[in-house]
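Report on the structure
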Amino acid sequence: MADIDYLKEKFLSDISQASDLEQLNEVKIAALGKKGAISEELSKLGKMDADERREAGQIINSVKQDLNFALTERHATLAKQALEKKLETEKIDVSLPSRPSVHAKIHPLSRTMEEISAIFSDMGFVIAEGPEIETDEHNFTALNIPPEHPARQEHDTFYLKPDDSGERPVLRTHTSPVQIRTMRSKEPPIRIIVPGRTYRSDHDATHSPMFHQCEGLVIGPNIHMGHLKATLIDFCRSFFGVVELPVRFRPSYFPFTEPSAEVDIGCSREDGGLKIGAGNNWLEILGSGMVNPRVLENCGYDPSTTQGFAFGMGIERLAMLKYGIPDLRTFYDSDLRWLHHYGFMPHDVAGLHTGIV
Ligand code: DAH
């Protein structure tokens with residue numbers, strides 16, 4: 001047993017001399033690891049006779065226990081030392097100035113779309129979507145704008161290459177085609193809004209080739225002009241935050257509605273400034289009307305039992321009016337100084353929704 005005494009002394013000395021956790025682990029492996037010296041002694045027991053094995057087994061196991069104990073103690077000491085060293089070297093200088101944090105801002109168009117969606121979702125509308133590359137049928141014909149119709153010229157349409165059937169797809173010129181898609185796939189009642197991107201070949205201070213619209217559609221058995229008026233008056237007052245905002249319905253024409261009305265809100269234009277909700281001037285903000293019976297028929301509905309109203313608004317225009325943004329092109333310049341000025345903090349926008357289903 002001279003060997004085991006020697007090993008015990010050697011490992012105890014190695015343990016006490018280990019100067020860090022890594023070295024200590026090496027000693028542990030050399031002594032008690034699978035191929036360690038003590039484990040090797042234990043494996044020799046199998047070849048001994050019973051008495052010898054009992055005696056040697058006791059001695060080796062007690063050495064093993066002693067080593068384990070010494071290892072645990074040394075580990076605690078070294079771990080403590082390591083922590084103290086770390087605390088010493090990683091001291092934080094709290095007097096250093098912090099790095100400036102740059103806040104991202106929400107784009108005014110996103111904010112405006114959120115506001116519009118929140119107001120209509122409170123009234124029970126749900127959001128519908130459709131593709132930006134549309135068929136001529138959805139964008140025009142089913143909306144009662146046949147090929148020879150003059151309204152087609154007004155839309156400055158972007159046409160794509162003809163597909164296999166010879167049809168030219170279009171970049172949708174308005175969000176109205178989603179009316180058709182919804183009516184063709186759903187039974188009434190319908191109550192949707194459709195915020196989304198639209199395209200026309202037009203570019204100046206108040207037009208951009210890509211812009212945003214929000215369409216609205218309500219279909220049901222007894223929907224009438226009174227519902228249209230109440231919904232849009234409530235929307236305008238809520239959006240501009242003016243309880244008594246004057247709202248006027250002016251007869252107009254759209255191929256997909258009959259009768260049609262443009263909606264104006266009261267404003268004043270004094271000293272070059274525009275004030276919404278006061279004065280004796282009017283500002284046009286959206287188009288609307290009772291869905292044309294031809295459109296209902298095109299979607300497979302019976303106009304004698306089903307009717308509804310629709311409306312459409314330009315989101316850029318509403319954002320410019322509400323937030324005093326003079327040039328539409330600046331929405332798409334990606335100028336961070338502009339965004340910092342006109343943008344919104346995320347918490348201003350979060351939680352606007354209360355009723356999305
Ligand atoms: N689609 C029209 C446009 O782009 C806007 C519009 C007007 C939509 C009246 C409607 C509506 O649904 O009823 O100018």
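Residues numbered from 1 in each chain as written. Predicted model: local features only at pLDDT ≥ 70, side-chain atom pairs only at ≥ 80, totals over all residues. Heavy atoms only, no water.

Let's shift gears to the overall build of the protein chain. Helices and strands together make up the secondary structure of the protein chain, namely 13 helices and 10 strands. Taking 2.2 N^0.38 as the reference for a compact globule, 357 residues should give roughly 21 Å; the C-alpha atoms of the protein chain span a radius of gyration of 39 Å, well beyond that estimate. Here the C-alpha coordinates of the protein chain stretch approximately 115 × 55 × 40 Å along the principal axes. The burial tally for the protein chain puts 40% of its 357 residues in the buried class. For the protein chain, long-range pairs separated by at least 24 residues make up 65% of all intrachain contacts whose partners lie at least 6 apart in sequence. When the accessible surface of the protein chain is totalled, it reaches about 20500 Å², and 53% of it is carbon and sulfur. (Helix = DSSP H or I, 4+ residues; strand = E, 2+ residues; numbered from the N terminus. Rg over C-alpha atoms; globule rule 2.2 N^0.38 Å. Buried < 20%, exposed > 50% of the residue type's maximum accessible area, 1.4 Å probe, protein only. Contact = heavy atoms within 4.5 Å. Areas by Shrake-Rupley, 256 points an atom, 1.4 Å probe, with all protein chains shown as cover.)

Moving on, we come to the site of the ligand. In the vicinity of the ligand, 15 residues are found, and the nearest of them are His174, Ser176, Arg200, Gln213 and Glu215. Within the side chain of arginine 200, a nitrogen or oxygen atom sits 2.8 Å from an oxygen atom of the ligand. Glutamate 215 places a polar side-chain atom, nitrogen or oxygen, 2.5 Å from an oxygen atom of the ligand. Considered on its own, the ligand offers 350 Å² of accessible surface; in the complex 90% of this is hidden by protein. Secondary structure elements with two or more residues in the shell around the ligand: β5 (210-220), β9 (281-291) and β10 (307-314). Each residue belonging to the shell around the ligand can be placed in one class, and the counts come to 4 nonpolar, 9 polar and 2 charged. (Near = heavy atom within 4 Å. Polar contact = N/O pair within 3.5 Å; in protein donor to acceptor, adjacent residues only side chain to side chain. Nonpolar A, V, L, I, M, F, W, Y, C, P; charged D, E, K, R; others polar.)

Bringing unusual backbone geometry into the picture now. Cis geometry is adopted by the peptide bond preceding proline 189, which originates at proline 188 and carries an omega value of 0°. Structurally, proline 189 can be placed in the loop between α8 (177-185) and β4 (190-199). The omega torsion across glutamate 258 and proline 259 is -5°, close enough to zero to call that bond cis. Mapped onto the elements of the fold, proline 259 is located in strand β7 (residues 257-270). Positive phi, close to 70°, is recorded for asparagine 144, a residue that is not glycine. Considering the arrangement of structural elements, one finds asparagine 144 in the loop between α6 (136-139) and α7 (151-154). The backbone of serine 334 sits at a positive phi, close to 55°, despite the residue not being glycine. In this structure, serine 334 sits in the loop between α11 (315-323) and α12 (336-342).

Here we take up the environment of leucine 45. Looking at where leucine 45 falls in the secondary structure, it is placed in the loop between α3 (37-44) and α4 (50-89). The exposure class assigned to leucine 45 is buried, which follows from its relative accessible area of 13%. Along the backbone, leucine 45 and asparagine 144 are 99 residues apart, and their C-alpha atoms lie at a distance of 98 Å.

Segmenting the protein chain into domains produces domain 1 (2-89) and domain 2 (108-348). In this structure, domain 1 and domain 2 have C-alpha centres spaced 80 Å apart. (Domains from an automatic or database assignment.)

A complete count under the given rule lists 16 salt bridges for this structure. The shortest N-O distance in the salt bridge between arginine 197 and glutamate 132 comes to 3.4 Å. Of the two residues, arginine 197 sits in strand β4 while glutamate 132 sits in the loop between β1 (126-127) and β2 (133-134), which places them 65 residues apart along the sequence. Across the salt bridge formed by arginine 248 and aspartate 264, the nearest N and O atoms sit 2.9 Å from each other. (Salt bridge = Lys/Arg side-chain N within 4 Å of Asp/Glu carboxyl O.)

Moving on to the packing of helix α2 (residues 21-32) against α3. At a minimum axis distance of 3 Å, the contact between α2 and α3 shows a crossing angle of 10°. As judged from the angle between their axes, α2 and α3 are roughly parallel. Where α2 approaches α3, its residues Ala30, Ala31 and Leu32 are matched on the opposing element by Ala37, Ile38 and Ser39. Of the residues in the contact of α2 with α3, the class split is 5 nonpolar, 1 polar and no charged. (Axes fitted to C-alpha atoms, helices over the stretch in contact; angles between N-to-C directions. Parallel < 35°, antiparallel > 145°, perpendicular 65-115°, else oblique.)

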